[in-house]
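Residue-level structural notes
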Amino acid sequence: MAGPYIYYGPDFTRFREIYPAIAKGPSLEFTSVNHQFTYDVNHDGWPDVITGWTNPAVYLNPQGESRRWESFNPLGRTQSETTLFEDIDRDGEPEMIYASGQQMRYAKPTAEETWTEFNVSEVGYAMSHGIGTGDINGDGRTDILGATGWWEQPATLSAEQTWTYHPVAFGRYGNRASGIGGANMAVYDANGDGLNDVVSSLNAHGFGLAWFEQQRANDGTISFVRHMITDDYSQPAAGDVRFSQAHAATMADIDGDGTQDYIIGKRVFTHLDNLYDPDSYGAPVLYWYKAVKNAAAPGGAEFVPELIHNRSGVGSQVTAIDLNGDGAVDLLTSNNRGTFIFWNQGK
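Notes on the structure in this doc start here. Predicted model only: the values in this text are computed from it and were never measured.

The next point concerns the pattern of salt bridges. Counting across every chain of the model gives 11 salt bridges. In this structure, the salt-bridge partner of glutamate 95 is lysine 108, at a minimum N-O distance of 2.6 Å. Separated by 13 residues along the polypeptide, glutamate 95 in strand E8 (residues 95–100) and lysine 108 in the loop between strand E9 (103–107) and strand E10 (117–119) bring together distant segments of the chain. Overall, lysine 108 belongs to the partly exposed group, its relative accessible area being 23%. Each of Asp89, Asp91, Glu95 and Lys108 takes part in salt bridges that share partners, so that together they form one network.

Listed below in structure tokens is the structure:
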């Protein structure tokens, strides 16, 4: 799926509209889509599509009929420009994770036209950028992260009970860009010390990519030490790679070594063609960063960049999946430069 189009495998050259495709001018108009997931919402055996931005919509699969898909809007307005679709409560069914009304929230997809929303944070802590999931404290439950910190999942979930908040500056102001926070925040053990770390861009409309080393005090208190991977052109950077507007990312084991890698790139014209963001005309690059354990590096790890492409970049979502079943993780991106499949050729 990419916007209004289904591209049919295995060659992905045939396509069909599920709703009217309206042309947008990327210099002057924002996209109407920042996330897209497939899931059998009504459990009829046919995958449906969840998509949108500020007003998410569900498009119901017409079970093979050649027509536009019926739709409904299950939630109110959302504010986050990154949305996740993962199993938060460990019941085997994914939830949609997002920010709305300045709160971190998640909702359980159902066939009902209004979904129940679960508040994770108090009002005022959720930003438009930066969201992630992972087990920070090692209790086996999935926590939720944002630009201002992380929320610890309680033992019992309810729509009313918010989660315990732990403030951490995972985002950063600066570089002329407004707001703080990046894109998808990855949670995994980068340095091999048994504690999950965090990898994130610092500002989706500015510069900065860092990993946050988790440390534990003797009393169990959790803190994070920031290690910069790349910054603006005035600062040193891993592999001498620098780019702004890192608006989408994901994690996956690209090289099959059993360790997660971080995939991230530049979104061109995130605030349209008005020079509002720094380095607006920089190359639309897509990179993967390999986490390498190195006792001599700060925090015990370094991130080695490998260029995937320099003429496409990212939009608001990068999907990592073995699309052709050859055992290697491929990448999907869709943005104002087009829709792309990057076939992983392996080592």
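This is not the end of the story, as more comes after the structure.
Before going further, it helps to examine the pairing of strand E19 (residues 248–252). Side-chain direction in a regular strand flips from residue to residue, so the side chains alternate between the two faces of the sheet. Counting buried positions over the 5 residues of E19 gives 4, a clear majority of the element. Taken together, the 5 bridges between E19 and strand E20 (residues 261–265) define a ladder with antiparallel strand orientation. Of the residues in E20, the one forming a bridge with methionine 251 is tyrosine 262.

Mapping glutamine 245 onto the fold places it in the loop between strand E18 (222–230) and E19. Here glutamine 245 falls in the buried class, since its relative accessible area comes to 1%. A distance of 2.3 Å separates the side chain of glutamine 245 from the side chain of threonine 270, its partner in a polar contact. Among residues more than four places away in sequence, those in contact with glutamine 245 are Ala204, His205, Gly206, Gly265, Lys266, Arg267, Phe269, Thr270, Asp277, Pro278, Asp279 and Ser280.

Take the side chain of aspartate 232 next. Along the chain, aspartate 232 turns up in the loop between E18 and E19. In this structure aspartate 232 is buried but unpaired, with arginine 172 as the nearest side chain of opposite charge at 5.9 Å.

Moving on, we get to unusual backbone geometry. Backbone phi values are negative for most residues with the exception of glycine, while trans is the configuration of most peptide bonds. Here the amide bond leading from glycine 9 into proline 10 is cis, since omega sits at 5°, within 30 degrees of zero. Structurally, the position occupied by proline 10 is in the loop between strand E1 (5–8) and strand E2 (14–17). Backbone geometry at arginine 90 places phi at a positive 60°, although glycine is not the residue there. Along the chain, arginine 90 turns up in the loop between strand E7 (84–86) and E8. The phi torsion at aspartate 279 lies on the positive side, around 55°, for a residue other than glycine.

Right, let's talk about the pairing of strand E17 (residues 209–216) for a bit. For E17, the buried fraction is high: 6 of the 8 residues fall into the buried class. Bridging between strand E16 (residues 197–201) and E17 involves 4 bridges; their strand directions are antiparallel. Each bridged residue has a counterpart across the sheet, and for valine 199 the counterpart in E17 is tryptophan 211. If you look at the hairpin formed by E17 and E18, you'll find 5 residues sitting between the two strands, and glycine 220 has a positive phi there, around 90°.

Spatially, E14-E13-E12-E11-E15-E16-E17-E18 is the arrangement adopted by the 8 strands of the open sheet, whose pairing is mixed. Two strands close off the open sheet at either side, each with one partner strand: strand E14 (164–167) and E18. Ignoring strand direction, the axes of neighbouring strands in this sheet form an average angle of 20°. One ladder, built from 8 bridges, connects E17 with E18; its direction is antiparallel. In the strand pairing of E18, leucine 209 is matched with threonine 230.

In this section: the environment of proline 109. Considering the arrangement of structural elements, one finds proline 109 in the loop between E9 and E10. Between the alpha carbons of proline 109 and asparagine 42 there is a distance of 8.8 Å; along the sequence they are 67 residues apart. The residues touching proline 109, leaving out its near neighbours within four places in the chain, are Tyr39, Ile50, Phe85, Pro94, Glu95, Met96 and Trp115.

Tallying each qualifying case throughout the model produces 20 aromatic pairs. With 6.4 Å between their ring centres and 70° between their planes, phenylalanine 30 and tryptophan 53 make a pair best called edge-to-face. Placement of the pair is phenylalanine 30 in the loop between E2 and strand E3 (35–39) and tryptophan 53 in the loop between strand E4 (48–52) and strand E5 (57–60), with a sequence separation of 23 residues. Taking relative accessible area as the criterion, phenylalanine 30 reaches 34% and is therefore assigned partly exposed. Measuring from centroid to centroid gives 5.9 Å for tryptophan 211 and phenylalanine 303, while their planes differ by 40°, and the two rings are tilted. With tryptophan 211 in strand E17 and phenylalanine 303 in strand E22 (residues 301–309), this residue pair connects regions lying 92 residues apart in the sequence. Across the pair, phenylalanine 303 and tryptophan 211 agree in class, each one buried. Feature note: the residues Tyr5, Tyr7 and Phe15 constitute an aromatic cluster, connected by ring pairs.

This brings us to the sheet that holds E9. Pairing is antiparallel in the open sheet, where 4 strands are placed in the order E7-E8-E9-E10. The outermost strands of the open sheet, each flanked by one partner alone, are E7 and E10. Neighbour to neighbour, the strand axes of the sheet diverge by 30° on average, direction disregarded. In the sheet, E7 pairs with E8 via 3 bridges, with the strands oriented antiparallel. The partner of leucine 84 across the bridge, within E8, is isoleucine 97.

Calculation notes
Residues numbered from 1 in each chain as written. Predicted model: local features only at pLDDT ≥ 70, side-chain atom pairs only at ≥ 80, totals over all residues. Heavy atoms only, no water. Salt bridge = Lys/Arg side-chain N within 4 Å of Asp/Glu carboxyl O. Helix = DSSP H or I, 4+ residues; strand = E, 2+ residues; numbered from the N terminus. Buried < 20%, exposed > 50% of the residue type's maximum accessible area, 1.4 Å probe, protein only. Pairing = 2+ DSSP bridges. Polar contact = N/O pair within 3.5 Å; in protein donor to acceptor, adjacent residues only side chain to side chain. Contact = heavy atoms within 4.5 Å. Lys, Arg positive; Asp, Glu negative; His and termini not counted. Axes fitted to C-alpha atoms, helices over the stretch in contact; angles between N-to-C directions. Phe/Tyr/Trp six-rings, centres within 6.5 Å; stacked < 30°, edge-to-face > 60°.

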